[in-house]
Amino acid sequence: MRNDVSTQFEDEIKSFWILSFLNLVFAAITMAYGVMFIVTRLQEMAQAGFLSALPVIIVIVGFAAAVLCIKWIVSSVEIFSSIEELKSAYDAREEQMTPEETTGFIIQMVNQYRTNKALIHTMILVCTLGGFCFFALGIMSSIEFISLGLTSGTVSLNYLLIPSALLSLGIAMVSLTCSYYFRKYTSVWDMRLSEISRSENMLEKTMEQNSP
Amino acid sequence: MSERRSRYEIYWEILVFCQTPRAFTVIINRCDLNSKTGQEYIEFLSRKGYLSIVKDGEKTMYAATGHAAEYITLFSRLYQTLFDEIPGFKL
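Presented here is an overview of the structure given in this document. (Residues numbered from 1 in each chain as written. Chains lettered and ligands numbered in written order. Predicted model: local features only at pLDDT ≥ 70, side-chain atom pairs only at ≥ 80, totals over all residues. Heavy atoms only, no water.)

**Details of the overall build of chain B**
1) Next: A count of helices and strands for chain B gives 4 helices and 3 strands.
2) Next: In sequence order, the secondary structure elements of chain B are arranged as α-β-α-α-β-β-α.
3) Next: If you line up chain B on its principal axes, its C-alpha atoms span 55 × 25 × 20 Å.
4) Next: Buried residues in chain B amount to 49% of all 91 residues.
5) Next: Of the contacts formed within chain B by residues at least 6 apart in sequence, a portion of 52% connects residues at least 24 apart.
6) Next: Of the roughly 4,800 Å² of accessible surface on chain B, a fraction of 49% belongs to carbon and sulfur atoms.
7) Next: Counting 12 positive and 11 negative side-chain charges, chain B places the averaged centre of each group 1 Å from the other. (Helix = DSSP H or I, 4+ residues; strand = E, 2+ residues; numbered from the N terminus. Buried < 20%, exposed > 50% of the residue type's maximum accessible area, 1.4 Å probe, protein only. Contact = heavy atoms within 4.5 Å. Areas by Shrake-Rupley, 256 points an atom, 1.4 Å probe, with all protein chains shown as cover. Lys, Arg positive; Asp, Glu negative; His and termini not counted. Charge placed at Lys NZ, Arg CZ, Asp CG, Glu CD.)

Here you go:
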């Protein structure tokens, strides 16, 4: 069956699959980048032989972001595997779907949300915090890039810091975007869950009326 | 995921599956229920007149009744409305 409901359902399942996949990929990239960033900074500090405030702050923020990444990856894998399972089952039946099967998939999608609701809320928080951590790192790297030129009194700039700053800002943007879409997803599904509660009242009344 | 289903969703699954008469063990396996809760649901639906008992020789089978068809239709309509009337999620 191909009607408006199944088309919208299909769009939605695909959109959430893409969001979960992107989130997982960026969580992995972020983790790798975060570890690399911390190791590089620690090496630089060891080579310099003294501790200055800014690199220490950067390492602390980087470490906090890496810890958040572990939580981010674990939550992403759980969400992705549940939607992947549902999408595979849906794709296998897509062409010869009966109306009852469509309803069955809607029930599975509802349950997928009920099961992962707390996790998605955690993801919104982690993505937002992670986004701000990387945004802070990007800004600090940018400041460092400019201040190096200012303190030496010359126009020379440390171009090696540009990729690092851009990468941090890029990850921050993706992370905050994921957080925005997860929030949008929960608002749609919270509305549906409250609609289901109303429907259950109606179903209960129908069952009572039809009792022999 | 099954433990997150509401009882109305489980009723729907049982009734749809029993549109063809089914044995108790087949129903609980298909609907992912343990025998205790499966028994409760099936007894409830039988009491309400949504399932009738069909004897197939020695076997006891359960079949959905006309009332069940009404419930299935209403339930499907309500759940499909979730995607019809509420603005969906799209990237």
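**Thoughts on the nonpolar core**
1) Next: Counting 80 residues, the largest nonpolar core has Phe16(A), Ile14(B), Leu45(B), Tyr71(B) and Tyr79(B) as its most contacted members.
2) Next: When contributions to this core are tallied by element, the ones reaching two or more residues are helix H1 (4-48), helix H2 (53-93), helix H3 (99-152) and helix H4 (161-209) of chain A together with helix H1 (7-17), helix H2 (24-30), helix H3 (35-47) and helix H4 (66-84) of chain B.
3) Next: By residue number, the principal contributor to this core is H3(A), which donates 16 residues.
4) Next: Beyond its immediate sequence surroundings of up to four residues, Leu45(B) is in contact with Met207(A), Tyr11(B), Ile14(B), Leu15(B), Tyr50(B) and Leu51(B). (Core = buried A, V, L, I, M, F, W, Y, C linked by side-chain atoms within 4.5 Å.)

**Notes on the sheet that holds strand E3 (residues 59-64) of chain B**
All names here are of chain B.
1) Next: Read from one edge of the open sheet, 3 strands run E1-E3-E2, paired in antiparallel fashion. Single-partner strands in this sheet number two, and they are strand E1 (22-23) and strand E2 (51-56).
2) Next: Bridge count for E2 against E3 is 6 bridges, and the pairing is antiparallel. Looking at the pairing, Asp56 lines up with Lys59 of E3. (Pairing = 2+ DSSP bridges.)

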